[in-house]
Amino acid sequence: MKILLLGKNGQVGWELQRALAPLGDVIALDRHGLAGLSGDMTQPQAIYNTIMTVKPDVVVNAAAYTAVDLAETEQDQADLVNHQTVKAAAEACQQVNALFVHYSTDYVFDGLGQTSFLETDRIAPLNVYGQTKVQGEQAIIASGCDYLIFRTSWVYAARGKNFLKTMLNLAQQREELSIIDDQVGAPTSAELIADITAQAIPQTAADSMKTGVYHLVASGETSWFGYANYVFEQARVFGLELAVQKVNPIPTMTYPTPATRPHNSRLNNQKLQQTFRLNLPHWQEGVKRILAELLSK
Ligand code: NDP
């Protein structure tokens, strides 16, 4: 199996380099490309040409414009990377009959209610980033290619910038922290996303009925406040000395950001578990593992 991986150095892209390797020949690109192949997601035609040249069996797109607040003012750039180039890539996949694997987000929903969103629920993004991700999804579906769109949430990894690492740093510097307690979701490790992707690809290659949109998140739920407290508790178990003594739960409205965030980021992951006969473990399992990795260095 020949696999073209775009965005190889992101949180998910890095883990995919590891997880996809056993499936076959992986050509992994970052924005700088390699040997005449473009990995620049601001260049739709160049990405289209790259796929036409490589003629892979599978394209995995881990590249994205992920600066949620900046997207409010850099709408064109976000649209180019998350929509226009994704559309070109999907059209090339349709031409060469490649499976297109892509990642999307809980931000496609409006975040209302208390229950977990199903894949079929109404799309209503609250911010520009979410809007561009929706348009990316829709372009893939309209292209007619075989695809797997994995919507995920609250991604963390040992590598890259994320909430878990930010909290770990802040808790070593400050005695008091205030953390949002009215946004609920599931922290999901890049490792888990990559491993599930590697399991789902051969299954979909063998049965194109499995093509579709799936919610790929760890099981269980928490708020950012609950998540941070668990990180602090476990970090102490692993022997890390923290300065933080007091952690205050605060509502979103006391921490305004340029992009509106959904209050409810719960994604129902039953469809993925049933279709691929896979288990999505509780979010605390992955957090514990990453802390062990980070703190044993
Ligand atoms: P990262 O921000 O860690 O990685 C994104 C990657 O995209 C980076 O390697 C970046 O390259 C690359 N990239 C950005 N712009 C371009 C460009 N113009 N050309 C080529 N590459 C580019 O994201 P994650 O790994 O966390 O996210 C993976 C997927 O999951 C994305 O689709 C994202 O939308 C989705 N997702 C992420 C969530 C999160 O919490 N992070 C939550 C929900 C969904 P470089 O390193 O050079 O900047």
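Notes on the structure follow.

We now examine the pairing of strand β5 (residues 147-152). Burial runs high along β5: six of the six residues are buried. What joins strand β4 (residues 99-105) to β5 is helix α4 (residues 128-143), and the crossover it makes is right-handed. Pairing between β5 and strand β10 (residues 212-215): four bridges, direction parallel. Bridge pairing in β10 links Phe-150 to Tyr-214.

Moving on, we come to the packing of helix α5 (residues 163-173) against helix α9 (residues 283-295). Direction vectors running N to C along α5 and α9 enclose 55 degrees, while the axes themselves pass 12 Å from each other. Taken together, the axes of α5 and α9 are oblique relative to one another. With respect to the hand of their crossing, α5 and α9 are arranged in right-handed fashion. Counting all contacts with α5, which are made through Leu-164, Lys-165 and Leu-168, the residues of α9 involved are Val-287, Ile-290, Leu-291, Leu-294 and Leu-295. Here the contact of α5 with α9 is composed, by residue class, of seven nonpolar, no polar and one charged.

We now examine the site of the ligand. Around the ligand sit 23 residues, and of these Arg-31, Met-41, Thr-66, Tyr-129 and Lys-133 come closest. Contact between the ligand and Ala-64: an oxygen atom at 3.1 Å from a main-chain N or O atom of the residue. For the ligand, whose unbound accessible area comes to 900 Å², protein coverage reaches 80%. Of all elements in the fold, only α1 (11-20), β4 and α4 reach the threshold of two or more residues within the shell around the ligand. The dominant element in the shell around the ligand, judged by the number of residues it contributes, is β4, at three residues. Of the residues that constitute the shell around the ligand, the class distribution is ten nonpolar, ten polar and three charged.

The topology assignment puts Thr-197 in helix α6 (residues 190-206). Leaving out residues up to four positions away in the same chain, Thr-197 has contacts with Leu-16, Val-101, Tyr-103, Phe-150 and Leu-216.

To continue, consider the pairing of β4. For a regular strand, side-chain orientation follows a simple rule: the groups alternate between the two sheet faces. With seven of seven residues buried, β4 lies mostly within the body of the structure. Alternating positions in β4 separate into two faces, Leu-99, Val-101, Tyr-103 and Thr-105 on one and Phe-100, His-102 and Ser-104 on the other, with burial throughout. Note: strand β3 (residues 58-61) against β4, four bridges, orientation parallel. The residue of β4 that forms the bridge with Asn-61 is His-102. Handedness of the crossover is the feature at issue here: the chain leaves β3, passes through helix α3 (residues 75-96), returns alongside β4, and the resulting connection is right-handed.

Turning our attention to the packing of α5 against helix α7 (residues 224-237). Put simply, α5 and α7 touch, their axes get as near as 10 Å, and they point 60 degrees apart. One way to sum up the angle between α5 and α7 is to call them oblique. In terms of crossing hand, the pair formed by α5 and α7 is right-handed. The segment α5 lies against α7, with Phe-163, Leu-164, Met-167, Leu-168 and Ala-171 engaging Trp-224, Tyr-227, Ala-228, Val-231, Phe-232 and Ala-235.

With that out of the way, let us pick up helix α2 (residues 44-54). What α2 keeps buried is the set Ile-47, Thr-50, Ile-51 and Val-54. Looking straight down α2, one finds that the buried residues subtend no more than 95 degrees of arc, so they occupy a single side. Structural note: α2 exposes Gln-45 and Thr-53 on the side pointing more than 90 degrees away from its buried face. For α2, the elements touching its buried residues are β1 (2-6), β2 (25-29), β3 and α3. Looking one or two places after α2, you find Lys-55, whose phi comes out positive at around 45 degrees.

The subject of this paragraph is unusual backbone geometry. In the Ramachandran plot, Lys-55 falls in the positive-phi region, its phi being about 45 degrees despite a non-glycine side chain. By the secondary structure assignment, Lys-55 is in the loop between α2 and β3. Even without being a glycine, Trp-154 presents a positive backbone phi close to 45 degrees. Its place among the elements puts Trp-154 in the loop between β5 and β6 (155-156). By relative accessible area, Trp-154 is classed as buried at 9%.

Among the structural elements, Ala-186 can be located in the loop between β8 (184-185) and β9 (188-189). Owing to a relative accessible area of 5%, Ala-186 belongs among the buried residues under this scheme. For the pair Ala-186 and Pro-22, spaced 164 residues apart in the sequence, the C-alpha separation amounts to 28 Å.

The next thing to look at is the sheet that holds β2. Pairing between the strands of a sheet comes from backbone hydrogen bonds, and it takes one of two forms, parallel or antiparallel. On the basis of which strands lie adjacent, the open sheet formed by six strands has the order β2-β1-β3-β4-β5-β10 and parallel pairing. What marks the edges here is a single partner per strand, and that holds for β2 and β10. Here the strands of the sheet are splayed against their neighbours by 20 degrees on average, with no regard to which way each runs. Across five bridges, β1 lies against β2 in parallel orientation. The partner of Leu-6 across the bridge, within β2, is Leu-29.

Conventions used here
- Residues numbered from 1 in each chain as written.
- Predicted model: local features only at pLDDT ≥ 70, side-chain atom pairs only at ≥ 80, totals over all residues.
- Heavy atoms only, no water.
- Buried < 20%, exposed > 50% of the residue type's maximum accessible area, 1.4 Å probe, protein only.
- Helix = DSSP H or I, 4+ residues; strand = E, 2+ residues; numbered from the N terminus.
- Right-handed = clockwise from strand over helix to strand, strands pointing away.
- Pairing = 2+ DSSP bridges.
- Axes fitted to C-alpha atoms, helices over the stretch in contact; angles between N-to-C directions.
- Parallel < 35°, antiparallel > 145°, perpendicular 65-115°, else oblique.
- Left-handed = near helix turned anticlockwise from the far one by under 90°.
- Contact = heavy atoms within 4.5 Å.
- Nonpolar A, V, L, I, M, F, W, Y, C, P; charged D, E, K, R; others polar.
- Near = heavy atom within 4 Å.
- Polar contact = N/O pair within 3.5 Å; in protein donor to acceptor, adjacent residues only side chain to side chain.
- Areas by Shrake-Rupley, 256 points an atom, 1.4 Å probe, with all protein chains shown as cover.
- Arc of directions from axis to C-beta.

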